[in-house]
Amino acid sequence: MPFRLLGFAADPDKASNLCGGTFARYAASGAEVTLVCAAARGRSTNDQLARARQLGAGNLVLLDYELGELDAAGLEDVFADVLRSVRPHVVVADGSNAAVRDAATSAFSTVRRAAGGSAALPAKLYLRPSGVLAGVAVTTSITVGPRATPELFVRLFPNPWVTGVLERDLLAGLAADPTTAATLAERLAS
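Residues numbered from 1 in each chain as written. Predicted model: local features only at pLDDT ≥ 70, side-chain atom pairs only at ≥ 80, totals over all residues. Heavy atoms only, no water.

Enquirer: Any chance you could explain the packing of aromatic side chains here in plain terms?
Expert: For any pair of aromatic rings, the description consists of the separation of the ring centres together with the inter-plane angle of the planes. The full count for this structure, using the stated rule, is three aromatic pairs. Relative to Phe-153, the ring of Tyr-126 has its centre 6.4 Å away and its plane inclined at 80 degrees; by these criteria the two rings are edge-to-face. Of this pair, Tyr-126 sits in strand S5 (residues 124-128) while Phe-153 sits in strand S7 (residues 151-157), placing them 27 residues apart in sequence. A relative accessible area of 0% means that Tyr-126 is categorised as buried. You can call Phe-153 buried: its relative accessible area is 0%. (Phe/Tyr/Trp six-rings, centres within 6.5 Å; stacked < 30°, edge-to-face > 60°. Helix = DSSP H or I, 4+ residues; strand = E, 2+ residues; numbered from the N terminus. Buried < 20%, exposed > 50% of the residue type's maximum accessible area, 1.4 Å probe, protein only.)

Spelled out as structure tokens, the structure:
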């Protein structure tokens, strides 16, 4: 069973800020990558799917909101449903949009509490910060190519970040889930 990575982005046109080359790297190594774009109203599904594939996402969920309509309370239940369906090992949330960031964090907590146990999925939650990182404790740095600028992430769960050692892998310390053989399509249909 492959590892599953789920990304929550606000604006589909800026999804590359969330994914960068990291999602493509994991997809190339066999991870199942799903990208959720919240403010996708009026977007061409075919165009967005092609763009998502370039970013490494094999699965794309487009939500019918405008960017100005995004609100954490309205997105939380939708994000929780996606989390329960996809059962990702790792979740990465867009740090540039407060509604997406807060909804992803709340949904992650809700789903983990309901699943129970330390081995419950989703196992890790990261934030992809945007802009200046002053005062932000970067926990993870992924370098995709030999000359690429590292893509930085902040781990929100599990917390605290005890080791203080900069992580180089979002999936570090996780085991694949052999008990779930269902594909994403099968999980979404149930």
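There's more to say after this.
Enquirer: Help me understand the pairing of strand S2 (residues 32-37) in this model?
Expert: Residues in a regular strand point their side chains to alternate faces of the sheet. Of all six residues in S2, six are buried; the element is thus mostly enclosed. Neither face of S2 is left uncovered, since the one carrying Glu-32, Thr-34 and Val-36 and the one carrying Val-33, Leu-35 and Cys-37 both have all their residues buried. Relative to S2, strand S1 (residues 4-9) runs parallel, the two sharing six bridges. Among the inter-strand pairings, Leu-6 is bridged to a residue of S2, identified as Thr-34. As judged from the four bridges shared by S2 and strand S3 (residues 59-62), these two strands associate in the parallel manner. Residue pairing across strands places Cys-37 opposite Leu-62, the latter belonging to S3. Crossover handedness for the path S2 to helix H3 (residues 45-54) to S3: right-handed. (Pairing = 2+ DSSP bridges. Right-handed = clockwise from strand over helix to strand, strands pointing away.)

Enquirer: Would you mind going over the state of the cysteines with me for this structure?
Expert: Two cysteines, two sulfur atoms, one covalent bond between them: this is a disulfide. In the structure shown here, the tally under the stated rule is zero disulfides. Of all cysteine sulfurs, the one in Cys-37 lies closest to Cys-19, which takes part in no disulfide; the gap is 7.5 Å. Classification of Cys-37 by relative accessible area gives buried; the value is 2%. (Disulfide = S-S within 2.5 Å.)

Enquirer: Could you clarify how one ought to interpret the nonpolar core in this entry?
Expert: One finds Phe-8, Leu-70, Leu-75, Phe-79 and Val-100 to be the most contacted residues of the largest nonpolar core, which totals 26 residues. At the level of elements, S1, helix H4 (72-86), strand S4 (90-94), helix H5 (98-115) and S5 are the ones that each hand at least two residues to this core. It is H5 that contributes the most residues to this core, seven residues altogether. In this structure, Ala-15, Cys-37, Leu-55 and Val-92 belong to the second largest nonpolar core, which totals 21 residues. (Core = buried A, V, L, I, M, F, W, Y, C linked by side-chain atoms within 4.5 Å.)

Enquirer: So what exactly am I meant to see when it comes to the pattern of salt bridges here?
Expert: All chains considered together, the criterion is met by eight salt bridges. For the salt bridge of Arg-43 with Asp-11, the shortest nitrogen-to-oxygen distance reads 3.5 Å. Of the two residues, Arg-43 is situated in the loop between S2 and H3 and Asp-11 in the loop between S1 and helix H1 (15-19); the sequence distance between them amounts to 32 residues. Given a relative accessible area of 28%, Arg-43 falls into the partly exposed group. A relative accessible area of 13% means that Asp-11 is categorised as buried. Where Glu-167 meets Arg-155, a salt bridge forms, and the shortest distance between an N and an O atom there is 2.4 Å. Placement of the pair is Glu-167 in the loop between S7 and helix H6 (184-189) and Arg-155 in strand S7, with a sequence separation of 12 residues. Of the two residues, Glu-167 and Arg-155, neither departs from the other in class, the shared state being buried. Connected via shared salt-bridge partners are Asp-11, Asp-13, Arg-43 and Arg-51. (Salt bridge = Lys/Arg side-chain N within 4 Å of Asp/Glu carboxyl O.)

Enquirer: Looking at this structure, how should I read empty space enclosed by the protein?
Expert: Counting across every chain of the model gives one cavity of 30 Å³ or more. A volume near 30 Å³ is recorded for the largest cavity. Every residue lining the largest cavity is listed: Pro-12, Ala-15, Leu-35, Cys-37, Gln-48, Arg-51, Ala-52, Leu-55 and Leu-60. Secondary structure elements with two or more residues in the lining of the largest cavity: S2 and H3. The element contributing the most residues to the lining of the largest cavity is H3, with three residues. Among the residues forming the lining of the largest cavity, the class breakdown is seven nonpolar, one polar and one charged. (1 Å grid on protein atoms, 1.4 Å probe; cavity = no way out; pocket = protein on both sides within 12 Å on 5 of 7 lines; lining within 4 Å. Points joined across faces, edges and corners; volume = space filled by probe spheres on them. Nonpolar A, V, L, I, M, F, W, Y, C, P; charged D, E, K, R; others polar.)

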